[in-house]
Amino acid sequence: MKKIIFGVLLTITGLIFAAFSFIYAALNPWDYNGIGGLMGSFLGTQMLGPFIISVLILVIGLAIVGFEAYNKK
């Protein structure tokens, strides 16, 4: 049960930071050396790294929750 709570906390934390990174990059349009759109905004606002890390944390949290939910003991 404790591992599921830990997984849920990781998932929520990753989701919050991923959403913040995405919204921050989307609301600040940027042209980064000819790269436009969302990727240019991620690169220009320096939010690509935090976005990737937060999505990885989200996926790890989901994996922990899924493993613990369907683990037969």
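Residues numbered from 1 in each chain as written. Predicted model: local features only at pLDDT ≥ 70, side-chain atom pairs only at ≥ 80, totals over all residues. Heavy atoms only, no water.

A. Inspection of the overall build of the protein chain at higher detail. Looking only at helices and strands, one finds three helices and zero strands in the protein chain. Along the protein chain, helices (α) and strands (β) appear in the sequence α-α-α when read from the amino end. A compact globule built from 73 residues would reach a C-alpha radius of gyration of about 11 Å, whereas the protein chain, at 16 Å, exceeds it by more than 25%. Once the C-alpha set of the protein chain is aligned to its principal axes, its extents read approximately 55 × 15 × 15 Å. Burial statistics for the protein chain: of 73 residues in total, 22% are counted as buried. Of the contacts formed within the protein chain by residues at least 6 apart in sequence, a portion of 55% connects residues at least 24 apart. Working note: accessible area of the protein chain is about 5,300 Å², and carbon and sulfur atoms make up 76% of it. (Helix = DSSP H or I, 4+ residues; strand = E, 2+ residues; numbered from the N terminus. Rg over C-alpha atoms; globule rule 2.2 N^0.38 Å. Buried < 20%, exposed > 50% of the residue type's maximum accessible area, 1.4 Å probe, protein only. Contact = heavy atoms within 4.5 Å. Areas by Shrake-Rupley, 256 points an atom, 1.4 Å probe, with all protein chains shown as cover.)

B. Representation of the side chain of Glu68 within the structure. As for its position among the elements, Glu68 is in helix 3 (residues 48-69). In this structure, Glu68 is in contact with Lys3, Ile4 and Lys73, ignoring residues within four places of it in sequence.

C. Looking closely at the packing of helix 1 (residues 2-27) against helix 2 (residues 37-44). Relative orientation of the contacting elements helix 1 and helix 2 amounts to 105°, with a least axis distance of 8 Å. Judged by the angle between their axes, helix 1 and helix 2 are roughly perpendicular. Here helix 1 contributes Ser21, Phe22, Ala25 and Ala26 to the contact with helix 2, which in turn contributes Leu38, Ser41 and Phe42. Here the residues of the contact of helix 1 with helix 2 sort into five nonpolar, two polar and no charged. (Axes fitted to C-alpha atoms, helices over the stretch in contact; angles between N-to-C directions. Parallel < 35°, antiparallel > 145°, perpendicular 65-115°, else oblique. Nonpolar A, V, L, I, M, F, W, Y, C, P; charged D, E, K, R; others polar.)

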